[in-house]
Amino acid sequence: MTTRTIIHVDMDAFYASIEQRDNPSLAGKPVIVGGVGGQRGVVSAASYEARRYGVHSAMPLKKARALCPEGVFLPVDMEKYEAVSRQLRSILCSYTPLVEPLSLDEAFLDVTASIALFGDAEKIGREIKDRVRNELNLTASVGIAPNKFLAKIASDYRKPDGFVVIQPGGEADFLRDLPVYKVYGVGKVMARRLGDHGIETVGRLAEMSREHLRRLFGKQGEHLYELSRGIDDNPVIAEAEAKSISQETTFDVDIDNNDELRRTFARLSDRVGARLREEGLVSKTVGIKVRLADFTTMHRERTLLDPVSSDDQILSVAWNLFRAVPLGGQKVRLLGVVASSLEHPSGQLHLFSEQGEKNCKAMRTIDNIRRKFGDTAIERASGLRPTGENRDRPYDKGLSPFSPTHEKEAEGETAKGRRRKAKGNKRDETAKTKPRS
Ligand code: TTP
Ligand code: MG
Ligand code: MG
């Protein structure tokens, strides 16, 4: 086991705090950010004042209005939050190149080798908080621990404006009374099943044998066994190494036919999957790009705890993301699928089921046939499936309970979109492997 010192930084009520910062009359008020034009969808962020009313992320805005009628409701301004995110990133990168962003407002830092240069991890953590306060006028919570799993729990432990250090050796004490749902990857279903066995805290979880957990939850049970003991050997993967692989296509004629849309997603997913497997990579974040007839361009992405590389898994996430996109009665002009947060799956195979490994082999065979005989030699049945499914089907069907953990959404016309608009409607099908900037 490698000895590391990891810092996890997570901004407090990120979108809402930025809005409060930029409009001082909102300071101390319940601020709720969500939807476009403040009318559609769900809560993205709730200020801590709003949380006292029971409002939280992912809650329908309608419900938030009912709970907190005096709340100030604001639309999502993704460009602004992305700009702050870049500023945060630049602060973090001044302490180590080993910065792994998890989302716009949080990142892991491996500071093991930085300590000689900057002083101990606590000093670095304090300095990061100070700089966020002074330079960004915002607050961040910081967790410091010997691994990523514990550092993330630590940063969440005393929010907002938290600073929590878990010393090596202090893992068990720290985890004993922690509710199981706080463990990264334990979703509602798993927490309920654990509850059925009388297991509400990580301390109780740690009393279970590896065998017992394996019987209950398969391979994921073993993962839980390790986490309950505070064991996590996942390295911080620096942003510079991260790339994304994407495929997009512009239709000759705008379309709204569900079968054709799904077939297109299947084809794009197949290609992204094939590229991932070619490069020996798995992806933790699957995203889509949708451009409507009027050039409105939307991006959606979902971060998964179990990385994926199979065409079916990519398609499943992409299609589910797409079904939640408001088309407003418009036809679709362009679709794209992007896999990011790429990793080499070494040492992580334990996360995949035996079925997953079998599918993997099948997938490589298909890739070989496609290489030999061309793309259309094999089309998977899932791309052709008629798609009158129930729109309410849960997102994570077919994925493990470890899967969807966070979803980011961004809307608005991109600069590239505007350029293409100027050039006219040209059919293109492009593949990209690019460093993430
Ligand atoms: P979080 O860090 O999960 O939440 P937060 O920063 O709002 O609050 P906390 O103090 O608890 O960290 O997410 C960061 C931002 O990501 C959040 O401000 C808005 C966005 N987001 C969504 O759009 N939808 C979601 O469901 C969640 C959880 C976050
Ligand atoms: Mg946050
Ligand atoms: Mg966060």
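Our structure's up above, just so we're on the same page.
Residues numbered from 1 in each chain as written. Chains lettered and ligands numbered in written order. Predicted model: local features only at pLDDT ≥ 70, side-chain atom pairs only at ≥ 80, totals over all residues.

**Q** Is there a simple way to think about the site of ligand 1 in this case?
**A** Neighbouring ligand 1 are 16 residues, the closest being Phe14, Tyr15, Ser44, Ala45 and Ser57. Secondary-structure elements contributing two or more residues to the shell around ligand 1 are strand 1 (6–11), helix 1 (14–22) and strand 3 (43–46). For the shell around ligand 1, a count of residues per class yields seven nonpolar, four polar and five charged. (Near = placed C-beta within 6 Å. Helix = DSSP H or I, 4+ residues; strand = E, 2+ residues; numbered from the N terminus. Nonpolar A, V, L, I, M, F, W, Y, C, P; charged D, E, K, R; others polar.)

**Q** Whenever I open this one, the environment of Pro30 confuses me. Can you help?
**A** Inspection of the secondary structure puts Pro30 in the loop between helix 1 and strand 2 (31–34). For the pair Pro30 and Glu49, spaced 19 residues apart in sequence, the C-alpha separation works out to 4.6 Å.

**Q** How should I be thinking about the nonpolar core in this particular structure?
**A** Core analysis: the largest hydrophobic core is formed by 65 residues, its most contacted members being Ile7, Ile32 and Leu109. Per-element tally for this core: the top contributor is helix 7 (residues 148–157), with five residues. The residues that make up this core include at least three from each of domain 1 (1–161) and domain 2 (171–228). For Ile7, the contacting residues outside a window of four places in its chain are Leu109, Val111, Ala121, Ile124, Gly125, Val142, Ile144 and Ala151. (Core = buried A, V, L, I, M, F, W, Y, C linked by C-beta atoms within 7 Å. Buried ≥ 20, exposed ≤ 12 C-beta atoms within 10 Å, placed from the backbone. Domains from an automatic or database assignment. Contact = placed C-beta atoms within 7 Å.)

**Q** Could you clarify how one ought to interpret the packing of helix 1 against helix 4 (residues 78–93) in this entry?
**A** Axis angle and axis distance: for two packed helices, these are the angle between their axes and the distance between the axes, and together they describe the pair. Between helix 1 and helix 4, the least distance of the axes is 10 Å, while the angle of their chain directions is 95°. One element, helix 1, and the other, helix 4, form an angle in the roughly perpendicular class. In this structure, helix 1 uses Phe14, Tyr15 and Ile18 to contact helix 4, whose residues at the interface are Lys80, Tyr81 and Val84. (Axes fitted to C-alpha atoms, helices over the stretch in contact; angles between N-to-C directions. Parallel < 35°, antiparallel > 145°, perpendicular 65-115°, else oblique.)

**Q** What should I look at first to understand the sheet that holds strand 4 (residues 72–74) in this one?
**A** Hydrogen bonds along the backbone pair up the strands of a sheet, which may run parallel or antiparallel. Strands sit in the order 3-2-4 across an open sheet of three strands; the sheet is mixed. This sheet does not close on itself; its edge strands, each paired only once, are strand 3 and strand 4. With direction set aside, neighbouring strand axes in the sheet form an average angle of 25°. With three bridges joining them, strand 2 and strand 3 adopt antiparallel strand pairing. Bridge pairing in strand 3 links Val33 to Ala45. Contacts from helix 1 reach strand 2, strand 3 and strand 4, with the element oriented near 120° to strand 2. (Pairing = 2+ DSSP bridges.)

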